Amino acid sequence: MENKQQSNGVMKANNAVKKKVNWSGSLIVASLTGAFGSSFLYGYNLSVVNAPAGYIKKFYNETWERRYGFSVDEGTLTLLWSITVSIFAIGGLVGAIIVTPIVKFFGRKCTLLLNNVFAVAAALLMSLSLLAGSFEMLILGRIIMGVDAGISLSALPMYLSEISPKEIRGSLGQVTAIFICIGVFTGQVLGLPEIFGQESRWPFLFGAIIVPSLIQAAILPFLPESPRYLLLEKHNTSKAEKAFQRFLGKDDVSHEIEEVLAESRVQRNTKMVSILQLLRTRAVRWQIVTVVVTMGCYQLCGLNAIWYYTNNIFSESGINHETIPYVTLSTGAVETLAAVFSGLVIERLGRRPLLIGGFGLMIVFFSVLTVSLTLQNSVHWLPYLSIFCILAIIASFCIGPGGIPFVLTGEFFQQSQRPAAFMIAGTVNWLSNFAVGLLFPFIQAGLQTYCFLVFAGICFAGATYLFFVLPETKNKTFHEISQAFAKRNKVTLEMQEMKHYPGEKKSSVEQDSNFTSSVDNGETKKGFV
């Protein structure tokens, strides 16, 4: 009877710990600062080219005429503009490819810091292009800014997933999506005619990129590195313990240290794996497929097409030209509110219903938008329905698909797999981004009002796949998530632990010599893994 009461008391205490999660000052500052200098800039650069598009095209034409003595033809100008918009994604692909060795060597926080060099260089090139009379500087700046975004969209979710307790990992992960939305909205606000949306001021839109980079560079050095990185990859228990203490806001972090060490014991036969090794690992096969599907649908669902060409879409919808910048502003506001809403409810509703539900709603509104655009010349109020559908598509995207793919990539994989996994996710993300940015003008020209049915089909395929494959990851440890995929991967739990990475097994002598550090009553001692 006494043992039962003690057991009940322990269970109640554990439940109380689970319910009460401290959002420490360091955790909040790290997430906000990291996101402001990273995902904010990604969102900003998605929308910043939209408002000054006409002025930039005029700059291209004048530069071409000054050099060659004749005006550029319409087809060449469209191609140049499409390259300017979509080349951002090529830089992002480069950033996603190089991020793996950078985060391994420098760590998550230092990678975010070093990444500011790319942002500052890109800002200077783009803002000075008009003064120098070189549109090549603007295109080169877009490439370099893409590299910055490619690195940050992998390093930031990795950093946030490793510094947050599992009870709020989803909410903290949504900070990435929220700041993407705030970045988009900021780009729209600064692009208004009253601010920088004028022919003589558009370079300031690109010069503003320096501000978030400098703020991040000033604050982030005073925050700890990822404690999981310090413990599992640098084997520095004392620094990891201090990092946990600052991020969790408590002195006793022995439970968190032991939880990370438990993951280390699962990976005792492994070291950091390459992309090829990860792709060959049966135990994570369906995790990889799911990340590829979610990241592909994240870009191919059509939202970036709306951001890149919002003004053009509203113009085709029959909206007055002078009104368009202000209508466009409403899209960024709706996106930000929807992303904040998702961050507030993700730990209550879970990842799965938000992701599938978001894609489902997008299918509905893409279909209605197609009908509205097709019939708008016959019914005077249909352009307003088109605006509503675009806002609803944006809200549906931000409720789930807008941020959850980044959260899932951080949750699906163990520590030694995570850099390679983010590299795969980033590659899919940026290739899809490039395809949409480059091809959408031609798809729109060819299919006209039916172009959005292509995106509805992609959303349907993604939602169907996720309905049958995606498990719920809310409040689960990384090891528990691996167990959820074990049956589908046709790998038993024992095989996952003993053969987690083919070709990386060590001899029994090497295994016996492996050890890690654990914390016992505040002291460091050595224990066999």
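Residues numbered from 1 in each chain as written. Predicted model: local features only at pLDDT ≥ 70, side-chain atom pairs only at ≥ 80, totals over all residues. Heavy atoms only, no water.

Focus on the state of the cysteines
Enumeration according to the criterion identifies zero disulfides in this entry. Residue Cys297 stays outside any disulfide, its sulfur separated by 7.1 Å from that of Cys459, the closest cysteine. Of all cysteine sulfurs in the structure, the one in Cys181 sits closest to Cys398, which takes part in no disulfide; the separation is 3.8 Å. (Disulfide = S-S within 2.5 Å.)

Considering the packing of aromatic side chains
By the definition in use, this model includes 24 aromatic pairs. With a centroid separation of 6.1 Å and an interplanar angle of 80°, the aromatic rings of Phe365 and Phe388 are classed as edge-to-face. A residue pair is termed long-range when its members are at least 10 positions apart, and Phe365 in helix α21 (residues 351-375) and Phe388 in helix α22 (residues 382-399) qualify at 23 residues. The interplanar angle of 90° and the centroid separation of 5.2 Å between the aromatic rings of Phe467 and Phe468 together place this pair among those described as edge-to-face. Looking at Phe468, the relative accessible area reads 57%, which means it is exposed. These aromatic residues form a ring-pair network of at least three members: Phe59, Tyr60, Phe135, Trp202 and Phe206. If you follow Arg352 out to its NZ or CZ, it ends over the ring of Phe467, 5.4 Å from the centre. (Phe/Tyr/Trp six-rings, centres within 6.5 Å; stacked < 30°, edge-to-face > 60°. Helix = DSSP H or I, 4+ residues; strand = E, 2+ residues; numbered from the N terminus. Buried < 20%, exposed > 50% of the residue type's maximum accessible area, 1.4 Å probe, protein only. Lys NZ or Arg CZ within 6 Å of the ring centre and 35° of its normal.)

Examining unusual backbone geometry
Note: most peptide bonds trans; most residues except glycine with negative phi. Phi angles above zero are rare outside glycine, and His235 is one such case at about 55°. Turning to its location among the elements, His235 is positioned in the loop between α13 (227-232) and α14 (237-248). Judged by its relative accessible area of 55%, His235 is exposed.

Here's the deal with the side chain of Ser482
For Ser482, the position within the fold is in helix α26 (residues 478-486). Residue classification places Ser482 among the buried positions, given a relative accessible area of 3%. At a separation of 3.1 Å, a polar atom in the side chain of Ser482 contacts the side chain of Gln414. (Polar contact = N/O pair within 3.5 Å; in protein donor to acceptor, adjacent residues only side chain to side chain.)

Details of empty space enclosed by the protein
A full pass over the atoms with the stated rule returns three cavities of 30 Å³ or more. A volume near 80 Å³ is recorded for the second largest cavity. Broken down by secondary-structure element, the contributors of at least two residues to the lining of the second largest cavity are α9 (135-163), α10 (169-190) and α23 (404-412). By residue number, the principal contributor to the lining of the second largest cavity is α23, which donates four residues. Split into classes, the residues belonging to the lining of the second largest cavity amount to four nonpolar, four polar and two charged. (1 Å grid on protein atoms, 1.4 Å probe; cavity = no way out; pocket = protein on both sides within 12 Å on 5 of 7 lines; lining within 4 Å. Points joined across faces, edges and corners; volume = space filled by probe spheres on them. Nonpolar A, V, L, I, M, F, W, Y, C, P; charged D, E, K, R; others polar.)

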